[in-house]
Amino acid sequence: MPELPEVEVVRLGLLPAVTGARVSAVTVFDERSLRRHDGPAEDFVDRIVGAEFTGAQRRGKFLWLPIRPRRASASGEGTPREALVVHLGMSGQVLLRTREQDDRLTRIRLEIEHPVQGALRLNFVDQRIFGSMAVDALVSDGSIPSQVAHIARDPLDPLFDVALFSRKLTQRKTGIKRAILDQTLISGIGNIYADEALWAARLHYEQPTATLTRQKVSLLLAEVRTVLRKALAEGGTSFDAQYVNVNGASGYFSHSLNVYGQQGKGCPRCGREVKREQFMNRGSHFCPRCQRLR
DNA sequence: CTGACGTCCTGACAGC
DNA sequence: TGCTGTCAGGACGTCA
């Protein structure tokens, strides 16, 4: 369930620890966590051992660590052509640990050596195995992994194209929630923040996208950004800069949710009972008074 | 091309 | 106590 804010918190936590660090060993405990890797586990290990990470980047819910080409590593030059791509799926975590520290449900482990911070360990923990790690080629001038290329820019990206989003959105023949969960249209939004943003914009989750005015689209986009920024700020204040440790409820900032998981309680705006309905094999939480189908 | 939907996946937890 | 059933949903393949 990690969405954009949670993934960004992980990225910010990893950045100082992985930049310039070299991978000394990799252990794959469960090959299912390599579902998105094009090749066997041995190939994954071969490509990653000895690699030096140059940073940590993100688009939507995808996170990746670019790898400096081995031949150029000694001189500190060379543009990355591959990256370690991480998707947390439903329950994934990347836990930054010191050596010897273990975590239950670790599916993949990377031992890394940082020039300043020394020996560290990255435990990829994932209960439901919807997440994955993969080594993937960087495309489009080395700016993005091939398996992330089809993902739209996220609403916090300075290069997010509002006009393009607005046009594609209103051309869709579907409900607004399906649309904002479509990562090829706008990325980074999952079930929780979709419900929160729709509540803030007073939109019913099945409202047809074609009926939305330009103003309403603008309002929704503004609310999406507000919800994501707020969650990011809360996550940013609660995580330890030394060790990434995002997990379950504590990573979810649940104290500030207005409708998600609040079924049976009063709407914070009008007091009407918040409802939960089945939708896309998930739950949709909304206020029947504030969010009417029009 | 687009929209809709089934599938993957397992630990935590409630209830008997 | 120990077992069983239920629940959570991101991404993607497939089908109409």
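Residues numbered from 1 in each chain as written. Chains lettered and ligands numbered in written order. Predicted model: local features only at pLDDT ≥ 70, side-chain atom pairs only at ≥ 80, totals over all residues. Heavy atoms only, no water.

A. Representation of the pairing of strand E4 (residues 62-68) in the model. Extensive coverage of E4 is indicated by the burial of seven of its seven residues. Burial of the side chains of E4 extends over both faces: Phe 62, Trp 64, Pro 66 and Arg 68 are buried on one face and Leu 63, Leu 65 and Ile 67 on the other. Across two bridges, the pairing between strand E2 (residues 52-53) and E4 is antiparallel. The partner of Glu 52 across the bridge, within E4, is Arg 68. The sheet contact formed by strand E3 (residues 57-59) and E4 spans three bridges and is antiparallel. Looking across to E4, one finds that Arg 58 is bridged to Leu 63. Taken together, E3 and the strand that follows it, E4, pair antiparallel across an intervening segment of two residues, in which Gly 60 is found at a positive phi of about 60°. With six bridges connecting them, E4 and strand E5 (residues 82-87) associate as antiparallel partners. Looking at the pairing, Ile 67 lines up with Glu 82 of E5. (Buried < 20%, exposed > 50% of the residue type's maximum accessible area, 1.4 Å probe, protein only. Helix = DSSP H or I, 4+ residues; strand = E, 2+ residues; numbered from the N terminus. Pairing = 2+ DSSP bridges.)

B. Local environment of the protein's contact with DNA strand C. Lining the immediate surroundings of DNA strand C are 16 residues, of which Arg 36, His 87, Phe 130, Tyr 260 and Arg 282 lie closest. A share of 63% is what sugar and phosphate atoms reach among the atoms of DNA strand C within 4 Å of the protein. Taking Arg 128, its side chain carries an N or O atom lying 2.7 Å from a base nitrogen of DNA strand C. At 2.5 Å from a base nitrogen of DNA strand C is found a side-chain nitrogen or oxygen belonging to Arg 282. Classifying every residue of the surface near DNA strand C by side-chain character gives four nonpolar, seven polar and five charged. (Near = heavy atom within 4 Å. Polar contact = N/O pair within 3.5 Å; in protein donor to acceptor, adjacent residues only side chain to side chain. Nonpolar A, V, L, I, M, F, W, Y, C, P; charged D, E, K, R; others polar.)

C. Inspection of the domain arrangement of chain A at higher detail. Once the domains are mapped, chain A shows domain 1 (4-148) and domain 2 (162-286). Summarising the inter-unit geometry, the C-alpha centres of domain 1 and domain 2 are found 28 Å apart. (Domains from an automatic or database assignment.)

D. Examining the environment of Pro 288 more closely. With respect to the element layout, Pro 288 can be found in the segment after strand E12 (282-286). Taking relative accessible area as the criterion, Pro 288 reaches 23% and is therefore assigned partly exposed. Separated by 93 residues in the primary sequence, Pro 288 and Asp 195 have C-alpha atoms spaced 13 Å apart. Discounting chain neighbours no more than four positions away, the residues touching Pro 288 are Arg 272, Glu 273 and Lys 275. (Contact = heavy atoms within 4.5 Å.)

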